[in-house]
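# Structural overview
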Amino acid sequence: QVQLVESGGGLVQAGDSLRLSCAASGRTFANNAMGWFRQAPGKEREFVAVINWSGGTTYYADSVKGRFTISRDNAANTAYLQMNSLKPEDTAVYYCAADAAPGRMNPSAGAMAYWGKGTLVTVSS
């Protein structure tokens, strides 16, 4: 059974940092892009960041560019999201996802075949 399990969420103050992890099991995603998405209360899910299979290419939403960094460790089958200078508007449930097809990097949620259950990040002002 393929699973993506996020961890690292919590309650922090504005300006603090958090590092989210996404541990995959059941299959390797070493050939697939992985991404992070988030959904704030009352809002639709939105794209945050995506990383290609090798980790050599990344793409970010404008709202997090310069503050968040996505990375991956294929040996550990794990992706990460380092979040710095957090703002109250970053408050959301953060979801990890893995692309359905190998080799490509598509920031669309529709391209993702596997999803975690999410981890809550709350940023107080």
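Computed from a predicted model, the values in this text were never measured in an experiment. (Residues numbered from 1 in each chain as written. Predicted model: local features only at pLDDT ≥ 70, side-chain atom pairs only at ≥ 80, totals over all residues. Heavy atoms only, no water.)

Okay, the overall build of the chain next. From N to C terminus, the chain includes zero helices and eleven strands. If you list the helices and strands of the chain from N to C, you get β-β-β-β-β-β-β-β-β-β-β. Overall, the chain is about 40 × 25 × 25 Å in size when its C-alpha atoms are taken along their principal axes. Burial analysis of the chain (125 residues in total) assigns 42% to the buried set. In the chain, of all internal contacts separated by at least 6 residues, the share reaching a separation of at least 24 is 59%. (Helix = DSSP H or I, 4+ residues; strand = E, 2+ residues; numbered from the N terminus. Buried < 20%, exposed > 50% of the residue type's maximum accessible area, 1.4 Å probe, protein only. Contact = heavy atoms within 4.5 Å.)

As a further point, take the environment of tryptophan 115. In this fold, tryptophan 115 is placed in strand β10 (residues 112-115). Overall, the relative accessible area of 28% leaves tryptophan 115 in the partly exposed class. Sequence separation between tryptophan 115 and threonine 91 is 24 residues, and the spatial gap between their C-alpha atoms is 19 Å. If near-sequence neighbours (up to four positions away) are discounted, tryptophan 115 is found in contact with Leu4, Phe37, Arg45, Tyr95, Cys96, Ala97 and Ala109.

This part covers the state of the cysteines. Following the criterion strictly, the structure yields one disulfide and no others. One disulfide in the model links cysteine 22 with cysteine 96; its S-S distance is 2.0 Å. When the S-S torsion is -75°, as for the bridge of cysteine 22 with cysteine 96, the disulfide is left-handed. Note that cysteine 22 is positioned in strand β3 (residues 18-25) and cysteine 96 in strand β9 (residues 92-102), a separation of 74 residues in sequence. (Disulfide = S-S within 2.5 Å.)

This paragraph deals with the sheet that holds strand β1 (residues 3-7). Reading across from one edge, β1-β3-β8-β7 is the order of the four strands in this open sheet, with antiparallel pairing throughout. Strand pairing shows two members of the sheet lacking a second neighbour, β1 and β7 (68-73), which therefore form its edges. Here the strands of the sheet are splayed against their neighbours by 15° on average, with no regard to which way each runs. (Pairing = 2+ DSSP bridges. Axes fitted to C-alpha atoms, helices over the stretch in contact; angles between N-to-C directions.)

If you look at the biggest cluster of nonpolar residues, it comprises 34 residues, and the most contacted ones within it are Met34, Trp36, Leu81, Met83 and Tyr94. Breaking this core down by element, the ones donating at least two residues are β3, β4 (32-39), β5 (46-51), β7, β8 (78-83), β9 and β11 (119-124). (Core = buried A, V, L, I, M, F, W, Y, C linked by side-chain atoms within 4.5 Å.)

As a further point, take the pairing of β4. Burial within β4 is extensive, with seven of its eight residues counted as buried. Judged from the five bridges that link them, β4 and β5 form a sheet pairing that is antiparallel. Bridging from a neighbouring strand, glycine 35 pairs with valine 50 of β5. Between β4 and β5, which pair antiparallel and follow one another directly, the connecting turn spans six residues, one of which, glycine 42, has a positive phi of 75°.

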